[in-house]
Amino acid sequence: MPLILAIESSCDETAASVCVDGKIISNFIANQKVHEQYGGVVPELASRAHMQNIVPVVDAALQTANCKLETIDAIAFTRSPGLIGSLLVGAQFAKSLSLALNKPLIAVHHMQAHVLANLIADPKPDFPFLCLTVSGGHTQIVLCESPYKMKVIGETIDDAAGEAFDKSAKLLGLPYPGGPLIDKYAKGGKADRFKFPEPQIPGLDFSFSGLKTSILYFLQNAGKSHIYKEEFMATEEEKRKFIENNLADICASIQHRIVTILLNKLKKASIETGITDICIAGGVSANSGLRKGLEETGKKYGWRTFIPAFEYCTDNAAMIAITGYYKYLAGDFTDLSVNSSARAEW
Ligand code: KG4
Ligand code: ZN
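On to the sheet that holds strand 4 (residues 74-80), then. Here we have five strands laid out as an open sheet, ordered 3-2-1-4-5, and mixed in their pairing. The open sheet has two free edges, formed respectively by strand 3 (23-31) and strand 5 (105-109), since each of these has just one partner strand. Averaged over all adjacent pairs, the angle separating strand axes in this sheet is 20°, with direction ignored. Its contacts with the sheet place helix 2 (residues 84-101) against strand 1 (3-8), strand 4 and strand 5, and it is angled at close to 155° to strand 4. Lying over the sheet, helix 9 (residues 318-329) contacts strand 1, strand 2 (13-20), strand 3, strand 4 and strand 5, oriented at roughly 135° with respect to strand 1.

See below:
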């Protein structure tokens, strides 16, 4: 019955969770509103906010789980990848607890934890399964053979899917993070009204930078063309009015393109590997168009599809706790000299 306390601090959410024998008992998140006014996460401010939030968040997770510090069997924390200043706060806190309580430390890879969020609740996928991991910093297709063996078989060569959502939203004048707002406005729009090009990238890799450029030109021309032409240049006022009058259709069309890029590669991966248990994970898996698209594609191709509960899609500590649980079972502990890493090596 291992009791794991997990800490996540890789980007701009400070989170803590308690998990007993593979079941999530508590899951707390402190969001950092401070970044909204800057249109993106400011690393320095994120680290400082983690410093302020980490003690109350860990306290809240322990109290809700009705758990005393002395009863913890191990402390799991996000070691990589992420913003280095943010990671260091969580790592240092976890190390101090490990030292003070004399309990083992478990280092967790944030992207692997997003994948294993699919093992938090029933029904769970069977191994091997494929997971499309889509967040603000990553877009990957992961072949997961076991909780301990995962391989990235496709990934973005430029922007992540979340960045594609956020950068498109920024072009539309929407605040950061724009992904959830595009999702919201898309609900009332026509997805086939504007056609954005699908990149032709070989294999299972993705590209989203071309989409961003085509949206930029499309808006500069107030919807007249996706190709940059000086003679079509709209004034700022025309551009503003065009966006205002067509926001729902523009959002629905952008979302539709991002979702079809993702699902087409997932189809290809399933055909190439013969794997039909298909999961999604990461912040963008909260997107209603992607969730619906995955279910529809799954029905058509005979997949069993899995989507974590909403609160386990975006950054959270429950996914760190479940990964920590499997690592605990395997005796995969780390010593106090472990260093954080901003990079995403698997
Ligand atoms: O996994 P996550 O919470 O943090 C990272 O590790 O990056 O993902 C954040 C990303 C952001 O780009 C955000 O705009 C996007 O997930 N996102 C969404 C939605 N909810 C979050 N994108 C589209 N639709 C949503 N509903
Ligand atoms: Zn994440």
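Under the defined criterion, the tally for this structure stands at nine aromatic pairs. Taking 6.0 Å as the distance between ring centres and 65° as the angle between the ring planes, the aromatic pair formed by phenylalanine 194 and phenylalanine 242 counts as edge-to-face. Taken together, the residues span a long stretch of sequence, with phenylalanine 194 in the loop between helix 5 (179-186) and helix 6 (209-220) and phenylalanine 242 in helix 7 (residues 236-273) at a distance of 48 residues. The pair phenylalanine 194 / phenylalanine 242 is uniform in exposure class, with both members buried. Pairing phenylalanine 218 with phenylalanine 242 gives two aromatic rings, centres 5.6 Å apart and planes at 70°, and the pair type is edge-to-face. Placement of phenylalanine 218 in helix 6 and of phenylalanine 242 in helix 7 is noted, with a sequence separation of 24 residues between them. The pair phenylalanine 218 / phenylalanine 242 is uniform in exposure class, with both members buried. Aromatic ring contacts, followed pair by pair, group Phe194, Phe196, Phe218 and Phe242 into a single cluster.

Analysis parameters
- Residues numbered from 1 in each chain as written.
- Chains lettered and ligands numbered in written order.
- Predicted model: local features only at pLDDT ≥ 70, side-chain atom pairs only at ≥ 80, totals over all residues.
- Heavy atoms only, no water.
- Pairing = 2+ DSSP bridges.
- Helix = DSSP H or I, 4+ residues; strand = E, 2+ residues; numbered from the N terminus.
- Axes fitted to C-alpha atoms, helices over the stretch in contact; angles between N-to-C directions.
- Contact = heavy atoms within 4.5 Å.
- Phe/Tyr/Trp six-rings, centres within 6.5 Å; stacked < 30°, edge-to-face > 60°.
- Buried < 20%, exposed > 50% of the residue type's maximum accessible area, 1.4 Å probe, protein only.

Any functional reading would require information that these geometric values do not contain.
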